[in-house]
Amino acid sequence: MGSKKNGDEFIMKVLFISHFKEGTAWSRAATDYATAMASAGIEVCARNVSLQAPTLEETIRKSTVTPVPMKIQNMMSKDTKNTEACVQFVLPHLTSHTSLFKNVIITDIDSTAPEVLTWFEHLRPADELWTVSAQAKEYFDRSSFSGKVRVIGKPFKPPKNTGEFSMPPELESAYKFYWIGGVETRFNLASVIKAFHSEFTSGEDVALILKPQHDLASPEQLHQHVSALSDQIKTALRIYPHTSLYRKEAIIPEALNRQGLDALHASCDCFVYTPHADSWAGEAASALYFGNTPILSAVGGALDLAGQSEPESSRLVGGSFSPCECGDAPFPQMYTGAELWFSPDVSEIRHNMRESYESRGEKPKKVQKLENISMESIGQNIREFLNAG
């Protein structure tokens, strides 16, 4: 592959294609990857691919979303002349391929059987696939994909300033478990609610704070969904004769920007996130940074994060793989019964929550720097991958 030189430094010009303008977690990850590349001296020419035209309601709801950062706008204004590689971070069916230069696809598909997805055919022409987790790489290595598969991870940027999250007065003294994630079945919020209410009595000074997320749902819809799920679980547990006798969760349905999420991390004690499937373990990296010893499903990116942080900085929950049962998959071809997903052991979640609560105050929180997934580290990895044979 051709490269230019400036002294002893290689400078590569890359066409980076992603969904920058959706105002979603994907858009934020795309911005992070572009920033990581630039930090390694790569010249980035960015191009946006729209997922679909938003409805009027979605447009109104997203009116407060932070616009595309100026640095990304500047990258979008660059021409593609002398481009040496194309990196795409888009939904697989929106990828395109050319023989003019190296084609790379960053994929966060976490399927145990990627070849059963109709999307696999869109990935097959790529020269390389970069997966978010080592486990996902294993799945693609077992497939018929003929190119090279590498692990890229997701860049993490430590917060510069962190404020305090405004908690209800009755929770100030409580030991605060918290969860941040999507409300879809695969994120398995039910396991966290079930573990909490079956392990702790209403008389213990402990709280469960839930921050549901969904790009297209209103705060009212999110609150209603989580409340109904909680009541359903409490009714089935039958520990108390009425759901009102259980300790009430604190539900935060309003959208939070990055600073708001960091403030929530800083104000809580133990992050619990036990999904059936998630390529990167959601907000686990931020929880590690704040020293909140996350309790995580032993699957996907959680395994990588646990391996990159200090011993005992996280707790992994075991379980088993079983056929997917998912009625709310983001696309029809995903999470079908032809795939397996992880079913965390709720008794292990309970045990880890109890241990975390009982050991509170024994030692101070310890910040995990997570240098292996810093912007600079991911950027250098991308640079090495692009220049490798």
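Everything below is about the structure shown above.
Below or above, wherever it landed, is the structure these notes cover. These numbers come from a predicted model, not from an experiment.

What counts as what
- Residues numbered from 1 in each chain as written.
- Predicted model: local features only at pLDDT ≥ 70, side-chain atom pairs only at ≥ 80, totals over all residues.
- Heavy atoms only, no water.
- Helix = DSSP H or I, 4+ residues; strand = E, 2+ residues; numbered from the N terminus.
- Rg over C-alpha atoms; globule rule 2.2 N^0.38 Å.
- Buried < 20%, exposed > 50% of the residue type's maximum accessible area, 1.4 Å probe, protein only.
- Core = buried A, V, L, I, M, F, W, Y, C linked by side-chain atoms within 4.5 Å.
- Contact = heavy atoms within 4.5 Å.
- Pairing = 2+ DSSP bridges.
- Axes fitted to C-alpha atoms, helices over the stretch in contact; angles between N-to-C directions.
- Salt bridge = Lys/Arg side-chain N within 4 Å of Asp/Glu carboxyl O.
- Parallel < 35°, antiparallel > 145°, perpendicular 65-115°, else oblique.
- Left-handed = near helix turned anticlockwise from the far one by under 90°.
- Nonpolar A, V, L, I, M, F, W, Y, C, P; charged D, E, K, R; others polar.

Description of the overall build of the protein chain
Point 1. For the protein chain, the count of helices and strands is 12 helices and 16 strands.
Point 2. For the protein chain, the C-alpha radius of gyration of 22 Å lies close to 21 Å, the compact-globule estimate for 389 residues.
Point 3. A principal-axis box enclosing the C-alpha atoms of the protein chain has dimensions of 70 × 45 × 45 Å.
Point 4. Here the protein chain holds 389 residues, and 52% of them are scored as buried.

A short note on the nonpolar core
Point 1. Ranked by internal contacts, the top residues of the largest apolar core, which has 87 residues, are Phe16, Phe177 and Leu386.
Point 2. Here this core takes six residues from helix 1 (residues 25-39), the largest share from any one element.
Point 3. Not counting residues up to four positions away in its chain, the partners in contact with Phe16 are Ala30, Tyr33, Ala34, Met37, Val44, Cys45, Ala46, Arg47, Val87, Phe89 and Ile106.
Point 4. Phe120, Leu123, Phe140 and Trp341 belong to the second largest nonpolar core, which has 18 residues in total.

Thoughts on the sheet that holds strand 11 (residues 250-251)
Point 1. Across the sheet, which stays open at both edges, the six strands sit in the order 11-10-9-12-13-14 with parallel pairing between neighbours. With one partner strand each, in any of the chains shown, strand 11 and strand 14 (315-317) form the two edges of the open sheet.
Point 2. Across two bridges, strand 9 (residues 175-182) lies against strand 12 (residues 270-273) in parallel orientation. Its bridge partner being in strand 12, Phe177 is matched across the sheet by Cys270.
Point 3. Along the sheet face, helix 7 (residues 219-237) touches strand 10 (206-213) and strand 11 and points at about 130 degrees away from the line of strand 10.

Considerations on helix 6 (residues 189-199)
Point 1. Among the 11 residues of helix 6, nine are classified as buried, and the element is accordingly described as predominantly covered.
Point 2. Buried within helix 6 are the following residues: Leu189, Ser191, Val192, Ile193, Ala195, Phe196, His197, Ser198 and Glu199.
Point 3. Buried residues along helix 6 sit in contact with strand 9, strand 10, helix 7, strand 12 and helix 11 (346-358).

Section: the pairing of strand 5 (residues 85-89)
Point 1. By the criterion of burial, strand 5 is predominantly enclosed, with five of the five residues buried.
Point 2. The side-chain alternation of strand 5 yields two buried faces, one formed by Ala85, Val87 and Phe89 and the other by Cys86 and Gln88.
Point 3. The sheet contact formed by strand 3 (residues 13-18) and strand 5 spans five bridges and is parallel. Its bridge partner lying in strand 5, Ser18 is registered against Phe89.
Point 4. Direction of pairing for strand 5 relative to strand 6 (residues 102-107): parallel, over a ladder of four bridges. Within strand 6, the residue paired with Ala85 across the bridge is Lys102.

Considerations on the pattern of salt bridges
Point 1. Applying the stated criterion across every chain yields a total of 14 salt bridges.
Point 2. Between Glu204 and Arg354 there is a salt bridge, and its shortest N-O distance comes to 2.8 Å. Taken together, the residues span a long stretch of sequence, with Glu204 in the loop between helix 6 and strand 10 and Arg354 in helix 11 at a distance of 150 residues. For the pair Glu204 and Arg354, one class covers both residues: buried.
Point 3. As a salt-bridge pair, Glu283 and Arg258 come within 2.7 Å of each other at their nearest N and O atoms.

Focus: the packing of helix 6 against helix 11
Packed helices, taken two at a time, are described by their axes: the angle between them and the distance between them.
Point 1. Helix 11 packs onto helix 6 with a crossing angle of 60 degrees between their chain directions and a minimal axis gap of 9 Å. Judged by the inter-axis angle, helix 6 sits oblique to helix 11. Regarding helix 6 and helix 11, the two cross each other, and that crossing is right-handed. Judged by residue contacts, Ser191, Lys194, Ala195, Phe196, Ser198 and Glu199 of helix 6 engage Val346, Ile349, Arg350, Met353 and Arg354 from helix 11.
Point 2. Of the residues assigned to the contact of helix 6 with helix 11, the class counts are five nonpolar, two polar and four charged.

Honestly, that's just the spatial picture; any functional story needs more than this.
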